[in-house]
Amino acid sequence: MTLAILWKWKEREEEKGERPNLRTILAILKKLTYHEIVNEMRGYIGDSGTKKDLRSVITYVSRKLPPKDRKSLAKVLGITYEEQAAIEANSPNDAARQAEDVLQLWRKKTGNKSSTERLVELMKTVPELRILSKIVVEKFIRNQNT
């Protein structure tokens with residue numbers, strides 16, 4: 001498993017036009033905590049269940065998010081006004097669908113950097129979403145660690 005991860009890392013670095021070497025990866029690993037390493041490696045090892053968990057979180061949040069808070073969430077997630085307008089036009093009478101589309105667009109834009117933890121961090125910056133972010137932590141993050 002470890003060799004597969006390192007091989008994928010080597011291939012991705014080469015795709016970026018960089019010359020990967022062992023010193024580079026050791027320097028990176030020394031700076032990271034275990035949790036950060038796991039998050040970083042997700043993109044190299046594919047869907048290890050964490051992306052599935054994020055999909056579950058997105059579904060949950062989109063169902064529980066009050067319609068009045070969708071625009072605040074979209075703003076903190078970096079969704080532009082034009083993107084929000086398009087989402088509203090696609091599902092004009094379905095607030096849950098709009099919220100899910102906002103979250104899926106964020107996930108698509110951030111790629112491998114998207115995670116439940118990152119979503120919670122961003123949600124905590126919006127006062128109206130702090131309670132929902134705490135529920136997500138309890139329901140999805142703490143349950144994973146036990």
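Residues numbered from 1 in each chain as written. Predicted model: local features only at pLDDT ≥ 70, side-chain atom pairs only at ≥ 80, totals over all residues. Heavy atoms only, no water.

**Q** Please explain the overall build of the protein as it appears in this structure.
**A** The secondary structure content of the protein amounts to nine helices and zero strands. Secondary structure elements of the protein occur, N-terminal to C-terminal, as α-α-α-α-α-α-α-α-α. Out of the 146 residues belonging to the protein, those deemed buried represent 35%. Put simply, the protein shows about 9,700 Å² of open surface, and 54% of that area lies on carbon and sulfur atoms. (Helix = DSSP H or I, 4+ residues; strand = E, 2+ residues; numbered from the N terminus. Buried < 20%, exposed > 50% of the residue type's maximum accessible area, 1.4 Å probe, protein only. Areas by Shrake-Rupley, 256 points an atom, 1.4 Å probe, with all protein chains shown as cover.)

**Q** Help me understand the packing of aromatic side chains in this model?
**A** Within a pair of aromatic rings, the relevant descriptors are the distance that separates the centres and the angle that separates the planes. Counted under the stated rule, the structure contains one aromatic pair. Arranged with centres 5.6 Å apart and planes meeting at 65 degrees, the rings of Tyr 60 and Phe 140 form a pair that is edge-to-face. One end of the pair, Tyr 60, is in helix H4 (residues 50–64); the other, Phe 140, is in helix H9 (residues 130–145), and 80 residues separate them in sequence. Judged by its relative accessible area of 17%, Tyr 60 is buried. Under the relative-accessibility criterion, Phe 140 is labelled buried at 17%. (Phe/Tyr/Trp six-rings, centres within 6.5 Å; stacked < 30°, edge-to-face > 60°.)

**Q** In this structure, what is going on with the packing of helix H6 (residues 81–90) against helix H7 (residues 95–110)? I would like to understand it.
**A** Think of two packed helices as two axes; the pair is described by the angle between the axes and how far apart they sit. Interhelical geometry of H6 versus H7 gives an angle of 135 degrees and a closest axis separation of 9 Å. The pairing of H6 with H7 is recorded here as oblique in orientation. Considering how the two elements wind past one another, H6 and H7 form a crossing that is right-handed. Between H6 and H7, the contacting residues are Glu 83, Ile 87 and Glu 88 on the first element and Gln 98, Asp 101, Val 102, Leu 105 and Lys 109 on the second. Taken together, the residues of the contact of H6 with H7 break down into three nonpolar, one polar and four charged. (Axes fitted to C-alpha atoms, helices over the stretch in contact; angles between N-to-C directions. Parallel < 35°, antiparallel > 145°, perpendicular 65-115°, else oblique. Left-handed = near helix turned anticlockwise from the far one by under 90°. Contact = heavy atoms within 4.5 Å. Nonpolar A, V, L, I, M, F, W, Y, C, P; charged D, E, K, R; others polar.)

**Q** Just checking my understanding: could you explain the pattern of salt bridges for this structure?
**A** Oppositely charged side chains can form a pair if their charged atoms are brought close together. Summed over the entire model, instances satisfying the criterion amount to six salt bridges. Note that Lys 109 and Glu 83 form a salt bridge whose closest N and O atoms lie 3.0 Å from each other. Of this pair, Lys 109 sits in helix H7 while Glu 83 sits in helix H6, and the two are 26 residues apart along the sequence. Given a relative accessible area of 23%, Glu 83 falls into the partly exposed group. Residues participating in the shared-partner salt-bridge network are Arg 70, Lys 71 and Glu 88. (Salt bridge = Lys/Arg side-chain N within 4 Å of Asp/Glu carboxyl O.)

**Q** Would you take a moment to explain the side chain of Arg 70 for this structure?
**A** Checked against the element boundaries, Arg 70 lands in helix H5 (residues 70–76). For Arg 70, a relative accessible area of 6% corresponds to the buried category. A distance of 2.7 Å separates the side chain of Arg 70 from the side chain of Glu 88, its partner in a polar contact. The residues contacting Arg 70, other than those within four sequence positions of it, are Leu 65, Gln 84, Glu 88, Gln 98, Ala 99 and Val 102. (Polar contact = N/O pair within 3.5 Å; in protein donor to acceptor, adjacent residues only side chain to side chain.)

**Q** Help me understand the confidence of the model for the protein in this model?
**A** Predicted coordinates in regions of low pLDDT should not be interpreted in detail. Per-residue confidence for the protein averages 79 on the pLDDT scale, and 72% of its residues sit at or above 70. Across the protein, the element-wise mean pLDDT spans from 53 in helix H3 (residues 34–45) up to 94 in H5. Overall, residues 43–49 carries pLDDT values under 50, and its contacts beyond four positions in sequence, including any with other chains, amount to 10 contacts. (pLDDT = per-residue confidence, 0-100.)

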